[in-house]
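Structural overview
Spelled out, the chains give:
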Amino acid sequence: RAQVVVFPGGEQHMSVETLMRLWQACLDDGLERGSTRAALGGGVVSDFTGFAAATYMRGCSWVAFPTTLLAMVDSSVGGKTGVDLAAGKNLVGAFHQPRMVWIDPEFLTTLSPDQFRQGMAEVIKTAVIGDEALWDFLEGHTDAVRRCEPEALAHMISACCRFKAAVVEADEKESGRRRILNFGHTFGHAIEKVSNYEIPHG
Ligand code: GLY
């Protein structure tokens, strides 16, 4: 039996009120600790779903089906979940790993060019912070990536996930090494916040 809860994407909807709706829907549907939450959408959806899974009944499992490039290469991998407060991003959250992340690059053909570019900022970040082979691949396959050729996307996304997974395995709770993944994010989050989320993450 599956129950579906739909909520709008976008950082401006990442509020405690939306989270309350999600918890309430879990209750209304009689979900128990043994049931699994599935996040189908972008980063906001996986942050919320993962956090609702971390907190509802003190912890349930969840799986992620990221549909944006940003979620595929960053937010759905590594178990950071949470919700924004008015004072800033990600101020409440939990480390709660998904049991599975299923990535289908086919979803990327549904993105607007802006959304795709946002995700590419994370891909380039990954190359810059520690994957020289990915940097070379991007330089050599720029047109293939722009055209969303499936093989190029699959290679690029797997490289990012492998890199991120290795960093998270070494330092899940961000006491040292994992901070490298925040490269550029401090500025990015500040710009998002002062623009009232009109200028997005990427
Ligand atoms: N987005 C940075 C991290 O997952 O640690």
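Coordinates for the structure precede this section.
Residues numbered from 1 in each chain as written. Predicted model: local features only at pLDDT ≥ 70, side-chain atom pairs only at ≥ 80, totals over all residues. Heavy atoms only, no water.

Points about the site of the ligand
With respect to spatial proximity, the complete set of residues near the ligand consists of Asp74, Lys80, Lys164, Glu174, Arg178, Leu181, Asn182 and His185. One of the side-chain nitrogen or oxygen atoms of aspartate 74 is found 3.1 Å away from a nitrogen atom of the ligand. At 2.7 Å from an oxygen atom of the ligand is found a side-chain nitrogen or oxygen belonging to lysine 164. The cavity where the ligand resides is the largest pocket. Of the residues that constitute the shell around the ligand, the class distribution is one nonpolar, two polar and five charged. (Near = heavy atom within 4 Å. Polar contact = N/O pair within 3.5 Å; in protein donor to acceptor, adjacent residues only side chain to side chain. 1 Å grid on protein atoms, 1.4 Å probe; cavity = no way out; pocket = protein on both sides within 12 Å on 5 of 7 lines; lining within 4 Å. Sits in = over half its atoms within 2 Å of the grid points. Nonpolar A, V, L, I, M, F, W, Y, C, P; charged D, E, K, R; others polar.)

A short note on the layout of surface pockets
Empty space within the largest pocket amounts to approximately 1,100 Å³. Around the largest pocket, the lining is made up of 46 residues, and of these Glu11, Gly43, Leu70, Lys89 and His201 lie nearest the centre. Of the residues forming the lining of the largest pocket, the biggest block, six residues, is contributed by strand 4 (residues 88-95). Looking at the lining of the largest pocket, its residues break down into 15 nonpolar, 22 polar and nine charged. If you add up the space inside the second largest pocket, you get close to 520 Å³. Gln3, Val4, Val5, Arg37 and Ala38 are the residues nearest the centre of the second largest pocket, which is lined by 21 residues in total. Among the secondary structure elements, those contributing two or more residues to the lining of the second largest pocket are helix 1 (16-28), strand 1 (36-41) and helix 2 (43-55). At five residues, the largest contribution of residues to the lining of the second largest pocket is made by strand 1. (Points joined across faces, edges and corners; volume = space filled by probe spheres on them. Helix = DSSP H or I, 4+ residues; strand = E, 2+ residues; numbered from the N terminus.)

Remarks on the side chain of aspartate 47
Its location among the elements puts aspartate 47 in helix 2. The buried category is assigned to aspartate 47, whose relative accessible area is 13%. Every residue in contact with aspartate 47, bar those within four places of it in the chain, is listed here: Met14, Ser75, Lys80, Thr81, Gly82 and Asn90. (Buried < 20%, exposed > 50% of the residue type's maximum accessible area, 1.4 Å probe, protein only. Contact = heavy atoms within 4.5 Å.)

Quick notes on the environment of asparagine 182
Structurally, asparagine 182 is set in the loop between helix 7 (150-170) and helix 8 (185-194). Separated by 57 residues in the primary sequence, asparagine 182 and lysine 125 place their C-alpha atoms 9.1 Å from one another. In this structure asparagine 182 touches Lys80 and Glu174, once residues within four positions along its chain are discounted.

Focus: a nonpolar patch on the surface
A grouping of Val16, Met20, Leu85, Leu91 and Val92 is seen on the molecular surface, where their side chains present a nonpolar patch of about 390 Å² in accessible area. At the level of secondary structure, the elements contributing two or more residues to the nonpolar patch comprise helix 1 and strand 4. Among the structural elements, leucine 85 can be located in strand 3 (residues 80-85). (Patch = residues over 30% accessible without salt bridge, like charges linked within 9 Å, V, L, I, M, F, W, Y side chains within 5 Å. Areas by Shrake-Rupley, 256 points an atom, 1.4 Å probe, with all protein chains shown as cover. Salt bridge = Lys/Arg side-chain N within 4 Å of Asp/Glu carboxyl O.)

Structural notes on the nonpolar core
Membership of the largest hydrophobic core comes to 23 residues, with the highest contact counts inside it found for Leu69, Phe116, Val123, Leu138 and Met156. Within the residue set of this core, elements represented by two or more residues are helix 3 (69-75), helix 4 (113-130), helix 5 (132-140), helix 6 (142-146) and helix 7. No other element matches helix 7, which puts seven residues into this core. Once residues lying within four places of it in the same chain are set aside, the contact partners of phenylalanine 116 are Leu69, Leu108, Leu111, Val145, Cys148 and Leu153. Counting 14 residues, the second-largest nonpolar core is a separate cluster that includes Leu19, Ala39, Phe48 and Ala52. (Core = buried A, V, L, I, M, F, W, Y, C linked by side-chain atoms within 4.5 Å.)

Section: the packing of helix 4 against helix 7
The axes of two packed helices give the description: the angle between them and the distance between them. At a minimum axis distance of 10 Å, the contact between helix 4 and helix 7 shows a crossing angle of 55 degrees. Comparing the axis directions of helix 4 and helix 7 gives the class oblique. For helix 4 against helix 7, the interelement crossing comes out left-handed. Between helix 4 and helix 7, the residues in contact are Phe116, Met120, Val123, Thr126, Ile129 and Gly130 and Leu153, Met156, Cys160 and Phe163, respectively. Partitioned by chemical class, the residues of the contact of helix 4 with helix 7 number eight nonpolar, two polar and no charged. (Axes fitted to C-alpha atoms, helices over the stretch in contact; angles between N-to-C directions. Parallel < 35°, antiparallel > 145°, perpendicular 65-115°, else oblique. Left-handed = near helix turned anticlockwise from the far one by under 90°.)

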